[in-house]
Amino acid sequence: MKLMTISSVVAALGVAMVANASPIPCGDSSSTSSTTTPTSAATTTAAETSSDPAPSSTESAAPEPTGSSSALWQPAAGTSWQIVLSATLKDTSANVQAYDIDLFDNTAATITKIHAAGAKAICYFSAGSYEDWRSDASKFKSADLGKTLDGWAGENWLNTKSANVRAIMAARLDLAKSKGCDAVDPDNIDAYNNSNGLGLTKADAIDYINYLATEAHARGLAIGLKNSGEIVSSVIDNVEFSVNEQCAQYNECSLYSAFTAKNKPVFHIEYPKGDDTSNTKSVTAAQVKKACVFTGSTGFSTLIKNINLDSWFQLCS
């Protein structure tokens, strides 16, 4: 499942964005402009076409990725980003510091392109759900599977306490390392907020994300916490960033401010167009303000996206 919210309204999602948040609302724009720093960017839309758009002739070079230069990537709060999960990433000209892309759908060559653009590669995979189309789906046992994810055909909650499930996820981390990923974005950690059929609790989620963090770090990979605001305090010291969906919509952003207080990014997504609309039109200034202006918003890396997480995006300002 591509992206889950902690609200019961939205169970999951798909890909594409670039962002850095600002508390100053912005109006619509049909042009694409470059991001120069995490706190200064022009309102941007990137229209998705049958192929990714060519770089603008006025686009500046991407800024150097923020954070430590050590083997383990330590991004700073405000790091700009783009997320594309509904298709293979083709365009690396977004002038951002990090791209969040699907681990399975993208090759090592794509990640090499990201690095050549001066950015980091965050590789997404579902760590908490079985997806019957993945290349390693046959490795899961029937006992590993819980209830189906509501609204997501072919997906079941996973028993994250299973040694077999953990071994499969360790192999996925090996794949991320082999492809050159700098970090991983493991989704669907929050089974405790859903009818999972496995009795999984918050304590189980804390244990699981800490396990994944240990395994990721052993491979030189940074790792993020996807949604799961209720367990932030228990795992924040073991993860390098947060990936959040719709905390502004559901008035939950205060749960994630602990990250920016530690100079760690909150890669934040809002979907003002709703669940049924994905197009290349800019949202209104009022919608931008609602998505981007909240207590602590200046430290968030906010993107306005289509629900299907394609290549369209709009920045806060």
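Residues numbered from 1 in each chain as written. Predicted model: local features only at pLDDT ≥ 70, side-chain atom pairs only at ≥ 80, totals over all residues. Heavy atoms only, no water.

### Describing the pairing of strand 8 (residues 155-158)
We apply this condition: A pair of strands counts as paired when DSSP detects no fewer than two bridges linking them. Secondary structure elements follow DSSP: runs of H or I no shorter than four residues count as helices, runs of E no shorter than two count as strands, and numbering proceeds from the N terminus.
Of the pairings in the sheet, the one linking strand 6 (residues 129-131) to strand 8 comprises three bridges and is antiparallel in character. Bridging across to strand 8, Tyr 130 finds its partner in Asn 156. Where strand 7 (residues 145-148) meets strand 8, two bridges bridge the pair, whose relative direction is antiparallel. Considered in strand 8, the bridge of Thr 148 is made with Asn 156. Where strand 7 hands over to strand 8, the hairpin turn is made up of six residues, of which Gly 151 adopts a positive phi near 85 degrees.

### Considering the pairing of strand 5 (residues 120-126)
Selection criterion: Each residue gets one of three labels from its accessible area relative to the maximum for its type: buried under 20%, exposed over 50%, partly exposed in between, using a 1.4 Å probe on protein chains only. The crossover handedness rule: strands pointing away from the viewer, path from first strand over the helix to second strand clockwise, crossover right-handed.
Burial within strand 5 is extensive, with six of its seven residues counted as buried. Where strand 4 (residues 98-102) and strand 5 come together, five bridges link them in parallel fashion. Counterpart to Ile 101 in the pairing with strand 5 is Cys 123. With helix 1 (residues 108-116) bridging strand 4 and its parallel neighbour strand 5, the resulting β-α-β unit is right-handed.

### Some details on the sheet that holds strand 8
Under the convention used in this document: Angles shown run from 0 to 180 degrees and are taken between the N-to-C directions of axes, each axis being a line fitted to C-alpha atoms and, for helices, limited to the stretch in contact.
Pairing is antiparallel in the open sheet, where three strands are placed in the order 6-8-7. One side of each edge strand has no neighbouring strand; the edge strands of this open sheet are strand 6 and strand 7. With direction set aside, neighbouring strand axes in the sheet form an average angle of 40 degrees.

### A word on the confidence of the model for the protein chain
For clarity, the threshold we go by: Think of pLDDT as the predictor's per-residue confidence, scored from 0 to 100. Contacts are assigned to residue pairs that have any heavy atoms within 4.5 Å of one another.
The predicted model of the protein chain averages 84 in pLDDT, with 78% of residues at 70 or higher. Note on residues 2-69: pLDDT is under 50 here. Beyond four places in sequence and across chains, it has 256 contacts.

### Topic: unusual backbone geometry
One non-glycine residue with positive phi stands out, namely Ser 228, at about 55 degrees. Within the fold, Ser 228 resides in the loop between strand 10 (222-226) and helix 4 (232-235). Given the relative accessible area of 0%, Ser 228 is considered buried. Despite not being glycine, Asn 251 shows a phi value in the positive range, around 55 degrees. Residue position: Asn 251 is located in the loop between strand 11 (241-245) and helix 5 (257-261).

### As for the packing of aromatic side chains
Cut-off, in case you're wondering: Put simply, two rings from Phe, Tyr or Trp (the six-membered ring, in Trp's case) pair if the centres are within 6.5 Å, and we call them stacked under 30 degrees between planes, edge-to-face over 60, tilted for the rest. In this analysis the charged atom, NZ for Lys or CZ for Arg, is taken to sit over a ring once it is within 6 Å of the ring centre and within 35 degrees of the ring normal.
Within the structure shown, the criterion is met by six aromatic pairs. Taken together, Trp 73, Trp 81, Phe 241 and Phe 267 form an aromatic cluster joined through their ring pairs. Note that Arg 166 overlies the ring of Tyr 211, its terminal NZ or CZ placed 4.7 Å from the centroid.

### Examining the environment of Ile 307
With respect to the helices and strands, the residue Ile 307 is situated in the loop between strand 13 (301-305) and strand 14 (313-314). Considered as a pair, Ile 307 and Tyr 271 are 36 residues apart in the sequence and their alpha carbons are 5.9 Å apart.

### So, the environment of Leu 309
If you trace the backbone, Leu 309 turns up in the loop between strand 13 and strand 14. On the basis of relative accessibility, which here comes to 0%, the residue Leu 309 falls in the buried class. Between the C-alpha atom of Leu 309 and that of Tyr 271, which follows or precedes it by 38 residues, the distance is 9.4 Å.

### A few points about the pattern of salt bridges
To keep things clear, this is the line we draw: Counted as salt bridges are all cases of a side-chain nitrogen of Lys or Arg within 4 Å of a carboxyl oxygen of Asp or Glu.
Summed over all chains, the structure comprises 10 salt bridges. Measuring nitrogen to oxygen at the nearest pair gives 2.9 Å for the salt bridge that ties Asp 102 to Arg 134. Highlighted residues: Asp 102 in strand 4 and Arg 134 in the loop between strand 6 and strand 7, separated in sequence by 32 residues. Exposure class is identical for Asp 102 and Arg 134. Each is buried. Here Arg 172 ties to Asp 136 by a salt bridge, and the two come within 2.8 Å at their closest N and O atoms. Placement of Arg 172 in helix 2 (residues 163-179) and of Asp 136 in the loop between strand 6 and strand 7 is noted, with a sequence separation of 36 residues between them. For Arg 172, a relative accessible area of 2% corresponds to the buried category. The network of salt bridges with common partners includes Asp 102, Asp 105, Glu 131 and Arg 134.

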